[in-house]
Protein chains: 2
Amino acid sequence: MKSEKKQGRPRAFDAKAVIGQAREVFWDRGFSAASLDNLSAATKLNRPSLYGAFGDKEDLYLDTLEGYREDSLDILSEALNPTLTLRENLTRIYAEALKIYLHGETAARGCFLIGTATAEAIQHDRVREVLRRSLNEFDGAIKERMELAVEQGELPDNTDAATLAKLASAVMHSLAVRARAGDTRGTLEAIARSGVDFICGRL
Amino acid sequence: MKSEKKQGRPRAFDAKAVIGQAREVFWDRGFSAASLDNLSAATKLNRPSLYGAFGDKEDLYLDTLEGYREDSLDILSEALNPTLTLRENLTRIYAEALKIYLHGETAARGCFLIGTATAEAIQHDRVREVLRRSLNEFDGAIKERMELAVEQGELPDNTDAATLAKLASAVMHSLAVRARAGDTRGTLEAIARSGVDFICGRL
DNA sequence: GAATATTTGTACCATTTCGCATAAAACTCA
DNA sequence: TGAGTTTTATGCGAAATGGTACAAATATTC
């Protein structure tokens, strides 16, 4: 399919890369405070090109959200590898999350979705829907692993997998918010550890 | 002190009330997307009056955050009444939180701080500081109650009160995000219940 | 009542905002 | 080579933005 060369002048950019650069801008500034000039500068595309390829600012933002959702779900799925213990799975999830949220130790930006999409969720229905769907998918992925854990005796028989999964997500939501609020890596790692202990039968 | 009448034309508005009306605007739209026209319309003050009384948009926003922080802390303190059981305390905290987050069953707006301040936290240091301080104060208030619970035998002796408090907060952070993402009251209440069960010795 | 002090309302300004019109550029296909 | 197609670059424009100058209005104090 790729070999079918399109007619006309070829694009001088890679759409995926551009969305990634745009994501960085939105991540730092939020949707509303990110101007098309900011985006144009970061992507090195002038506005008409941005429009032609991605539509208006909201469309582009939705693309970045969608990309983040996919990336996150991939990482989550990998961390949930069922050949490992549930404890190890959760430890990995939180570790991967903090890798993203802290972004190089200094400039902590938290979760892209929770940090920027929540603010727009009231005014922009499409944003709220992406946010909602993303949170649900994360819950769902963890829930499946929990169900397996119950089957395999890692968790008690009477465990409510769906609910426990939501609590596991809750710890991640908290890490997301706290990272953006400027909490230190150490603090966040401690929360992650205690979250794991707590969910995998504590004390 | 109030009797010391200031010279000059008296204000035709109540500052606290205006801050409350401005909060509503910021709550729905976020800081960046809220225009001075929006704020002016909602408060029924023209821009020069807003500037004279509160400074620029960021100053006003910080005032609304501060007011929310104080209100929330008051509600939290009340809910943490130590003559009740810890379980009852937590149940109340989450119930009060949902009362605020859901705001009349239909238009769920989540937590004002988490829903709007997180987005600005990277670019605006003062916003980040208010957010950080608020989260820490909430954690601290719950922690104190947890320590009492340990003393009184409601929680095991080896309980790490600070960490457990952060987990209790984590459930609230999750409610805050999910409410703004559009989750139903029923879903959120279920999470709150399981959070209580989980923290107050579960299974 | 006059002087003083503060708030209010109108109108304005400079800048930034998003978005697009237009034409040159770069490619494919015949 | 020339027609057709898509992307790029320049630059425009209308609207909205945050912020302010200035004078009228309304109070206190002397």
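Please read all numbers here as calculations on a predicted model, not as lab measurements.

Peer 1: Looking at this structure, how should I read the overall build of chain A?
Peer 2: The helix and strand tally for chain A stands at nine helices and zero strands. Shown N-terminal to C-terminal, the secondary structure of chain A runs as helices and strands in the order α-α-α-α-α-α-α-α-α. Taking the principal axes of its C-alpha atoms as reference, chain A extends roughly 60 × 40 × 30 Å. Across the 203 residues in chain A, those meeting the buried criterion constitute 49%. Taking contacts inside chain A between residues at least 6 apart in sequence as the whole, the part at least 24 apart equals 67%. Of the roughly 9700 Å² that chain A leaves accessible, carbon and sulfur atoms contribute 50%. Looking at chain A, you have 28 positive and 31 negative side-chain charges, and the mean spots of the two groups are 5 Å apart.

Peer 1: For this particular structure, what's the right way to read the protein's contact with DNA strand D?
Peer 2: With respect to spatial proximity, 27 residues lie near DNA strand D, and among them Gly8(A), Ala12(A), Leu36(B), Arg47(B) and Tyr51(B) are the closest. At 3.0 Å, a side-chain N or O of Lys57(B) approaches a phosphate oxygen of DNA strand D. Looking at the surface near DNA strand D, the elements that each hand over two or more residues are α3 (47-54) of chain A together with α2 (36-43) and α3 (47-54) of chain B. Residues of the surface near DNA strand D, tallied by class, amount to nine nonpolar, seven polar and eleven charged.

Peer 1: Explain the packing of helix α1 (residues 15-29) of chain A against helix α2 (residues 36-43) of chain A here, please?
Peer 2: Helix-helix packing: each pair is described by the crossing angle between the helix axes and the interaxial distance. Residue and element names in this part refer to chain A. Packing of α1 against α2 brings their axes to within 9 Å, and their N-to-C directions diverge by 135 degrees. Judged on the interaxial angle alone, α2 and α1 are oblique. Crossing hand, α1 versus α2: right-handed. Residues Val18, Gln21, Ala22, Val25, Phe26 and Arg29 of α1 touch α2, and the partners they reach there are Asn38, Leu39, Ala42 and Thr43.

Peer 1: Help me understand the interface of chain B and chain A in this model?
Peer 2: Tallying the contact residues gives 44 residues for chain B and 44 residues for chain A. For the pair chain B and chain A, the summed buried area comes to about 3700 Å², and 63% of that belongs to carbon and sulfur atoms. The largest share of the area that chain B buries against chain A comes from Ile122(B), Arg178(B) and Phe198(B), three residues that together contribute 16% of it. Counting every contact that joins chain B to chain A gives two salt bridges. Here Asp139(B) and Arg178(A) are joined by a salt bridge, their closest N and O atoms 2.0 Å apart. For the interface between chain B and chain A, the tally reads twelve residue pairs in polar contact (both at pLDDT 80 or more).

Peer 1: Quick question: what am I supposed to make of the nonpolar core here?
Peer 2: Soluble globular proteins: nonpolar side chains tend toward being buried together. Formed by 133 residues in total, the largest nonpolar core has its most connected members in Tyr94(A), Tyr101(A), Met146(A), Tyr94(B), Tyr101(B) and Met146(B). Per element, the largest residue contribution to this core is twelve residues, and it comes from helix α8 (residues 161-181) of chain A. Contact partners of Met146(A), with chain neighbours within four places excluded, come to Leu86(A), Leu155(A), Ala161(A), Leu164(A), Ala165(A), Ala168(A) and Ile199(A).

Peer 1: Could you clarify how one ought to interpret the protein's contact with DNA strand C in this entry?
Peer 2: Taken together, 27 residues surround DNA strand C, and among them Leu36(A), Tyr51(A), Gly8(B), Arg9(B) and Ala12(B) come closest. Each atom of DNA strand C within 4 Å of the protein was classed as base or backbone; sugar and phosphate made up 72%. At 3.0 Å, a side-chain N or O of Arg47(A) approaches a base oxygen of DNA strand C. At the level of elements, α2 and α3 of chain A together with α3 of chain B are the ones that each hand at least two residues to the surface near DNA strand C. In terms of residue class, the surface near DNA strand C is built from nine nonpolar, seven polar and eleven charged.

Peer 1: I would appreciate a short explanation of helix α9 (residues 185-199) of chain A in the present structure.
Peer 2: Each α-helix winds once per 3.6 residues, and so residues spaced three or four apart point in a common direction. For α9(A), built from 15 residues, the straight-helix expectation of 21 Å at 1.5 Å per residue is met to within 8% by its first-to-last C-alpha distance of 21 Å. Where the residues of α9(A) are buried, they touch α5 (86-102), α7 (125-151) and α8 of chain A together with α8 (161-180) and α9 (185-199) of chain B. A positive phi of about 60 degrees marks Gly201(A), the residue just after α9(A).

Peer 1: Teacher, can you tell me more about the environment of Thr118(B) here?
Peer 2: Relative to the elements of secondary structure, Thr118(B) occurs in helix α6 (residues 112-120). Residue class for Thr118(B) comes out buried when judged on its relative accessible area of 2%. A C-alpha to C-alpha distance of 7.4 Å links Thr118(B) and Leu131(B), two positions 13 residues apart in sequence. Residues in contact with Thr118(B), not counting those within four places in the same chain, are Ile114(A), Gly115(A), Thr118(A), Val177(A), Arg180(A), Leu113(B) and Leu131(B).

Peer 1: What am I meant to see in the pattern of salt bridges here?
Peer 2: Oppositely charged side chains are able to pair whenever their charged atoms sit close together. Counting across every chain of the model gives 42 salt bridges over all chains. In this structure, the salt-bridge partner of Asp59(A) is Arg126(A), at a minimum N-O distance of 2.7 Å. Of the two residues, Asp59(A) is situated in helix α4 (residues 57-79) and Arg126(A) in helix α7; the sequence distance between them amounts to 67 residues. By relative accessible area, which is 25% here, Asp59(A) ends up partly exposed. Between Glu129(B) and Arg132(B) there is a salt bridge, with its nearest N and O atoms 3.6 Å apart. On the criterion of helical spacing, the pair formed by Glu129(B) and Arg132(B) is a turn pair, its members being three residues apart in helix α7 (residues 125-151). Here the salt bridges share partners, and the residues they tie into one network are Glu66(A), Arg69(A), Arg133(A) and Glu137(A).

Peer 1: Please explain the relation of the copies chain B and chain A as it appears in this structure.
Peer 2: Superposing the two chain copies requires a rotation about an axis and a translation along that axis. Overlaying chain B with chain A gives an RMSD of 0.0 Å, the required rotation being 180 degrees about an axis along which the chain moves by 0.0 Å. A rotation of that kind, with that shift, is consistent with a two-fold axis. Here 98% of the interface residues in chain B have copies in chain A that are interface residues too; the copies meet face to matching face.

Peer 1: Just to check I follow, could you spell out unusual backbone geometry for this structure?
Peer 2: What is expected of a backbone is that most residues other than glycine have negative phi and most peptide bonds are trans. Even without a glycine there, the phi angle at Lys44(A) is positive, about 60 degrees. Here Lys44(A) shows up in the loop between α2 and α3.

Thresholds applied
- Residues numbered from 1 in each chain as written.
- Chains lettered and ligands numbered in written order.
- Predicted model: local features only at pLDDT ≥ 70, side-chain atom pairs only at ≥ 80, totals over all residues.
- Heavy atoms only, no water.
- Helix = DSSP H or I, 4+ residues; strand = E, 2+ residues; numbered from the N terminus.
- Buried < 20%, exposed > 50% of the residue type's maximum accessible area, 1.4 Å probe, protein only.
- Contact = heavy atoms within 4.5 Å.
- Areas by Shrake-Rupley, 256 points an atom, 1.4 Å probe, with all protein chains shown as cover.
- Lys, Arg positive; Asp, Glu negative; His and termini not counted.
- Charge placed at Lys NZ, Arg CZ, Asp CG, Glu CD.
- Near = heavy atom within 4 Å.
- Polar contact = N/O pair within 3.5 Å; in protein donor to acceptor, adjacent residues only side chain to side chain.
- Nonpolar A, V, L, I, M, F, W, Y, C, P; charged D, E, K, R; others polar.
- Axes fitted to C-alpha atoms, helices over the stretch in contact; angles between N-to-C directions.
- Parallel < 35°, antiparallel > 145°, perpendicular 65-115°, else oblique.
- Left-handed = near helix turned anticlockwise from the far one by under 90°.
- Buried area = accessible area lost by both parts, 1.4 Å probe.
- Salt bridge = Lys/Arg side-chain N within 4 Å of Asp/Glu carboxyl O.
- Core = buried A, V, L, I, M, F, W, Y, C linked by side-chain atoms within 4.5 Å.
- Expected span 1.5 Å × (residues − 1).
- Least-squares fit on C-alpha atoms with pLDDT ≥ 70 in both.

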